Amino acid sequence: EAAEPKHVLRGLIKRKVLNLRGMWLDDKDLEWFRDAVAAHQGTVQIDEVDLGGNNFTAAGVEGLLGVLSQGFPGCLDGLRRLEVGLATGWKVQGALLGGLQLTWQLQVLSLSGHQMVDHCVASLCSGLESVGAQLHSLDLSSTELGHWSKSGPFCVSRLLATQTKLKTLDLSFNYLMHEALLSLGQVLVATNCVEEIRLAHNPGAGERSNDTTFLRAVGATAHPTGGEIKTGFTFPPMNAFAQFLGRITPLRFVDVRSSGCSHETAFVLANSLVIHFNIETVLLSGNSLGFRGIRALMRLLYLNGYPFGRRMAELQIMGCSLRGVPSSAEASDFAFLDPSGTYSLDLQNPFCRGIADQCLRRWQVLQQKYNTSFTDCFARGFLLDGKSYTPTKDAKNDWTLPQTGTLSFTAAYRLTDAVQDQTPYQTKLMCKEGRALSTEQFDRWLRCFQAVEAEDDTQKLLLEALAVDFQVTAAQLRGIMAASPSTSTAAMELLMDRTRDPAAIFDLVTDGQLPIRMLPVILDEKNVPEYVEQTRQLHYFCGSNPTGHYCLDLEKSVDAILGEHLVAQNCWEIEVMKSQGAVDCSQKGNFQLFRNERFNYNNHDFSADWLKPLLGRWEFDYASSMHPPPSAACISNEAWRLVCLAVEKAAVHDPGFRICALRRVAWRFVISSSQVKVLWRCLPPGIIAADLFTSIFNRVADPELLAPMLLRASGRSSSSSEGFSTPSVRECIDRVGPLRVYAATTIDNLHLTIDFSRHECRVLAELVFRLARKEGWCGLTAVRFYRDPEAPPQLFVPQSWAWEMPVKGVLHVTYVGGGGKSAGFRAELQAKYTCISVHLPSGLSQGKR
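First, a word on what this report is: a plain description of the structure on this page. On a predicted model such as this, the values are computed, not experimentally measured, just so you know. (Residues numbered from 1 in each chain as written. Predicted model: local features only at pLDDT ≥ 70, side-chain atom pairs only at ≥ 80, totals over all residues. Heavy atoms only, no water.)

### Quick word on the environment of serine 544
On the secondary structure map, serine 544 appears in the loop between helix H19 (536–539) and strand E22 (548–553). For serine 544, a relative accessible area of 42% gives the class partly exposed. Taking the C-alpha atoms as reference points, serine 544 and arginine 664, 120 residues apart in sequence, are found 8.9 Å from one another. In this structure serine 544 touches Met626 and Trp667, once residues within four positions along its chain are discounted. (Helix = DSSP H or I, 4+ residues; strand = E, 2+ residues; numbered from the N terminus. Buried < 20%, exposed > 50% of the residue type's maximum accessible area, 1.4 Å probe, protein only. Contact = heavy atoms within 4.5 Å.)

### Description of unusual backbone geometry
For residues besides glycine, phi is generally negative; the peptide bonds are generally trans as well. Cis rather than trans, the peptide bond between tyrosine 306 and proline 307 has omega equal to 0 degrees. Summarising the element assignment, proline 307 is placed in the loop between helix H10 (290–302) and strand E13 (314–316). Residue serine 142 is not a glycine yet carries a positive backbone phi of 55 degrees. By secondary structure assignment, the location of serine 142 is in the loop between strand E6 (137–139) and helix H5 (151–160). Notably, glutamate 144 is not glycine yet its phi reads approximately 60 degrees, a positive angle. You can see glutamate 144 is positioned in the loop between E6 and H5. Taking relative accessible area as the criterion, glutamate 144 reaches 15% and is therefore assigned buried.

### Digging into helix H28 (residues 823–833)
Within H28, the full set of buried residues consists of Phe825, Arg826, Ala827, Leu829, Gln830, Ala831 and Tyr833. In this fold, the buried residues of H28 make contact with helix H27 (759–775) and strand E28 (810–815).

### Re the state of the cysteines
All chains considered together, the criterion is met by one disulfide. Between the sulfur atoms of cysteine 585 and its disulfide mate cysteine 835 the distance is 2.2 Å. Because the sign of the S-S torsion sets the handedness, a value of about 125 degrees for the bond joining cysteine 585 and cysteine 835 places this disulfide among the right-handed ones. Note that cysteine 585 is positioned in the loop between helix H20 (557–579) and strand E23 (594–599) and cysteine 835 in the segment after H28, a separation of 250 residues in sequence. Of all cysteine sulfurs in the structure, the one in cysteine 261 sits closest to cysteine 320, which takes part in no disulfide; the separation is 8.7 Å. (Disulfide = S-S within 2.5 Å.)

Below is the structure:
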C-alpha cells in the first residue's frame, strides 16, 4: 500500500508479461488497478496475461482487460497467451468474454475453472474464428463443457477445425459424452496437428445419475430403480474417441485418467496406437481396465517393439484392477494367442470394430508367414447384416469397416504351416513360446510396475499379463522380485515356467527354501491308498479317448499335470481341425473343446489366452473331436454283450471306477448307436448316465443316430426302466454339444431346446431354419418361444428369423419335414453346420465342406 501504483504496475509487467497469478485479487481491486494504469507513463505492449489463482468474476476479468485496452490503446493487439484460471471452489455463471471484442492474435488461451454456459462458449468460439486466431494451446478444463447441452462441445469442435497449429488441448474435468467425443476425434484427425491431449476426469453418465441437467443435456434416461443410465449407446464414451488416436500422427501425450474407461477402451486405444511411432506417454490411472485391458495395453502398445525405434516410454495404470473380480473370472472377448472362432460384432461399438481389425491383421501376418489365403482363413466369408461383404483398405493401407450393422464371420488361424506330425505331444503346439523381452522392454515394464503401489492389485495383473505373452530370464525375474518384495512369491509362481533359462531359477533362492509348488510331491508308503484315490483321473486317463467330465484341484500336482495335458491336447486337436477344414462346433464359438467350465464354483470361459492358476477348483467337460472313420468296423454284438456284462458285474465298490476303466480301454473298439442302447440298459445303480455316455461317445461310428435313439427311448420310458430318462439324455447332449449329436439327416420329430444366447444353439437354429425354408416353414411345430420367463410364450417362428435371429430367449420347437425329398441338401447342411460325418446313399454327392 505504501508503494506508488505506477511502480507496482511496472513490477507486474516484466518482459511484456502481466503476471497476477496467486495474488487472491477480486473485483474490488479493479479500482486500484485502474489507478495504477492511469499513473503509468509511456506505452505498454503485453504479450502474455496470467490471472490464475484469483477470485475475479467474469465481469471482473472483462473489466480488468478493458482497463488495459483503454489505458494503453493497442497493448493487447499482439496478445499471445491468456490464462484466466480461478481459485479453487469459485463458481462463475456469468458470460465470460461474451461481450469482449477478440482482436488479439492469441496463441495460448487458458480458461480453466470458468463454468461457462453454452452461449458463452459459442460467443468465445465465434470470436476466435472471426479474427482468425491460430492457437497453439487451448485449456478449457473444468468449464462444465457439455453439462448444459450438446451445443457447447460441438462449438468447440467447429473451432478446432480451424486450428491448424494447435499443439496442446486440455478438456479435462468436463462432461463429454459419445457424440461430443466422436466429433472431437474426427476434427483432430482432420487437422492432424495436436501433440498433447488431456481428457482426464470425463467419466460416463453412470457417475452422474443424480444430475438431471446433464442427463437431459445428453438425452439420457435414468432407470426408475436407480440402476444403469441409458444414453442410446452400449459402450463407454471414451471408446468413441480412442479409435481416432492412431490417426493423429504428431501425437505424443494422452491423458484419459478416471474417464470411465473399461477393458474395451484399453483394447481400442492399444489397437489404434499399435504402430504409432511418436506416442510417448499414455495416462490411464483410475479406470477399471482389469486383466484384459492391461494385457491389451502391454501386448499391443507398451511392449510392442514394432515399428523399430518407436518412442513409447511411459504408461500409468495405477488403480486399474477390477475390485473383487479375479482375472481368472474375466470373460475373454478376444484371444490373442489364437483368435480362431465365430464372431458376431456390433459395428457401432469401436471395440467390435477393433476386434475385426485385429482378426484381419492376424490374417495378414499368416499370409506373409505361411502364405495363407483369405478364403483359407475366412472360409465362410464376411456377412454384413446377412449380406455378403468384403473388407477394403484405405489409402494408408488400413482396414476400413462400416460404422453400423452386424458383421459376422468365422476365422480359423493356423498356428503352423502344416500339421505334419499329428501326435498329441508335438512340441511346437504344446508349448506357448512367448516373445522374449529385450533389456529396453523389460526396463520399461519394470518402471510401470514400480510406479504402482504394492497394495494395488494392478501389480498382480501386470505380472499375469507378462506371464501370458512373454518370456523372461532368471535375472529379470530376480529384478521383479527385488522391485516388489510383497509380490515376490506371486512373481515366482507365475513366471517360473516362463523363464528362458529355467535352471538358473535355483540361483534365485538365497535362504535355502524353494516354493513348495516348484517341487513334486514326495509320497509316503502310508499314503499309497489315498494317493491311488486322488490320482484316479490321471491313472485312468486315455489321450486317445479324453472326452468326459473333469473336476481338478489345481493345488494337487497330479490334477495340475492332467490339466496341462488337456490344454495341450486341446491345442493340438484344434490345429488338426483347422488343417482339415472342420466346422467350429464349440460352445462359445472359439473352437475350444472345453465346455461348461466352472472355476471355484463360478462360471468361467476358457480361451487360448487363459493363464491356468496354481490354486483353485477347475471343473469342465472336454469334448474331443476324434472319431472313428466311417469305414471302421464295429465290435460284434456278442463281444459287446460280454463288455456290458463285465461293466454290470464288476466287483468294485465305487461305481465311478467302472466308468474310468471303460474309458481307458474304449479306444480299442468301435460301436454302433444300437450297442449304446444295450450298454445303457445295463446301468448299475450309482452310475451317472452322462459319465457313461461321454466315456464311449467318441467310439460311436454313427453318432447321427444317437439323438433320435436316446430321445425317443426316453419319451417312451418315463420311469427310466430301460435306463433312459429325459433329464439324463439332455445332460448327455450338453456334455458333448448339440452340434456333435444332432444331424440334419436325422433331425425330424426331435424336440429341440434352443438358447439363442449360446453360439452352438444359434448354429443349430440356423440349420433348422434353412431346412424349413427349403422343405416348408410349416414343418416347425410345437413352437414355444420365451423371450421373458415371466411373459407368455410366443407360439410361432417368424420367417425373418432365417436371416436375423433374436440375440436372447429360449425356443422349444419340433421339426417335421420330408428328409427323403432333399437328402442331398440335408447332407450339405450337415457338413456345413455340424461335426458329424455324412453317410450318403449311393447316387448322391457330398457337398463341399
